[in-house]
Amino acid sequence: MSNRRRPSRDNTYRVRYLHSLAWFARRDRWFLDEEHRNGTIRCALCLGAGSSRSLELHHLDYRGVTQTPHGWTAHERHEDLTALHSRCHEYVHQLIERDRALSGFVSRRTASVQAIARLQAKIAHYIEASLEQQ
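Residues numbered from 1 in each chain as written. Predicted model: local features only at pLDDT ≥ 70, side-chain atom pairs only at ≥ 80, totals over all residues. Heavy atoms only, no water.

> Before we go on, may I ask you to explain the overall build of the protein in this structure?
When you go through the protein residue by residue, the secondary structure sums to 5 helices and 6 strands. Ordering the α and β elements of the protein from the N terminus gives α-α-β-β-β-β-β-β-α-α-α. Dimensions of the protein along its principal axes, counting C-alpha atoms only, are 60 × 35 × 20 Å. Going through the 134 residues of the protein one by one, you find that 34% of them count as buried. Contacts spanning at least 24 positions in sequence make up 67% of the contacts within the protein whose residues lie at least 6 apart. (Helix = DSSP H or I, 4+ residues; strand = E, 2+ residues; numbered from the N terminus. Buried < 20%, exposed > 50% of the residue type's maximum accessible area, 1.4 Å probe, protein only. Contact = heavy atoms within 4.5 Å.)

Now the structure itself:
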């Protein structure tokens, strides 16, 4: 098992699924559901508010994604997706890819949750250090 991203050319998930009507419909439904559940939609990393236009969805689990002869199905559970700003999303993927434990020895959900927690700790440390310098 690997949590590393495969190159786009070899990855039908990235090349086809993330550009499919099924994904866009699921994505829209996630943002509507999240807004109804929590009001404000926030980035899981920086906690900044956002919307479907400013946030991306990160998969914590791919079990709801299947490819059939007729196309893709998008049945991810709400809890299997989390919102991230594009830069925050990239940071999460970079940390997962460069950390051996996160990239290969834990589940995707665990890798994502741990990566987000580590990055939040770095942000908090940076803010604390900046405040001490003032």
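> What is the right way to look at helix H3 (residues 86-98) in this model?
Note on helix geometry: an α-helix contains 3.6 residues per turn, so any two residues three or four positions apart are oriented the same way. In this model H3 runs 18 Å from its N-terminal to its C-terminal C-alpha over 13 residues, within 8% of the 18 Å that 1.5 Å per residue would give. For H3, the complete set of buried residues consists of Cys88, His89, Val92, His93, Leu95 and Ile96. The arc that holds every buried residue of H3, seen down its axis, measures 160°, which confines them to one face. Across H3 from its buried face, at more than 90 degrees, point the exposed residues Arg87 and Arg98. Those residues of H3 that are buried are in contact with strand S3 (55-59), strand S6 (81-85), helix H4 (100-104) and helix H5 (108-133). (Expected span 1.5 Å × (residues − 1). Arc of directions from axis to C-beta.)

> Whenever I open this one, unusual backbone geometry confuses me. Can you help?
Both trends apply: most residues other than glycine have a negative phi, and most peptide bonds are in trans. In the Ramachandran plot, leucine 47 falls in the positive-phi region, its phi being about 65° despite a non-glycine side chain. With respect to the secondary-structure elements, leucine 47 resides in the loop between strand S1 (41-42) and strand S2 (49-50).

> What exactly am I supposed to notice about the side chain of histidine 58 here?
Position of histidine 58 relative to the elements: it lies in strand S3. A distance of 3.2 Å separates the side chain of histidine 58 from the side chain of histidine 89, its partner in a polar contact. For histidine 58, the side chain forms a polar contact with the side chain of histidine 93, separated by 3.4 Å. Contacts of histidine 58, omitting those with residues within four sequence positions, involve Asp80, Leu81, Thr82, Leu84, His89, Val92, His93, Arg108 and Ser112. (Polar contact = N/O pair within 3.5 Å; in protein donor to acceptor, adjacent residues only side chain to side chain.)

> Would you take a moment to explain the nonpolar core for this structure?
Side chains of nonpolar character tend, in soluble globular proteins, to be buried together. Ranked by internal contacts, the top residues of the largest apolar core, which has 25 residues, are Tyr17, Trp30, Leu45, Leu57, Leu84 and Val92. Looking at this core, the elements with two or more residues in it are helix H2 (21-38), S3, strand S5 (71-74), S6, H3 and H5. Aside from chain neighbours lying at most four places away, what touches valine 92 is Leu45, His58, Leu84, Ala115, Ile116 and Leu119. (Core = buried A, V, L, I, M, F, W, Y, C linked by side-chain atoms within 4.5 Å.)

> Please explain the packing of aromatic side chains as it appears in this structure.
Geometrically, a pair of aromatic rings is defined through the distance of the ring centres and the angle of the planes. In total, this model carries 3 aromatic pairs according to the counting rule given. Between tyrosine 17 and tryptophan 23 the ring centres are 5.6 Å apart and the planes differ by 50°, which places this aromatic pair in the tilted class. Judged on exposure class, the residue tyrosine 17 and its partner tryptophan 23 are both buried. Aromatic pair tyrosine 17 and tryptophan 72: ring centres 5.2 Å apart, planes at 50°, arrangement tilted. With tyrosine 17 in the loop between helix H1 (12-15) and H2 and tryptophan 72 in strand S5, this residue pair connects regions lying 55 residues apart in the sequence. Of the two residues examined, tyrosine 17 and tryptophan 72, each falls in the buried class. Every member of this aromatic cluster is reached through a ring pair, and the members are Tyr17, Trp23 and Trp72. (Phe/Tyr/Trp six-rings, centres within 6.5 Å; stacked < 30°, edge-to-face > 60°.)

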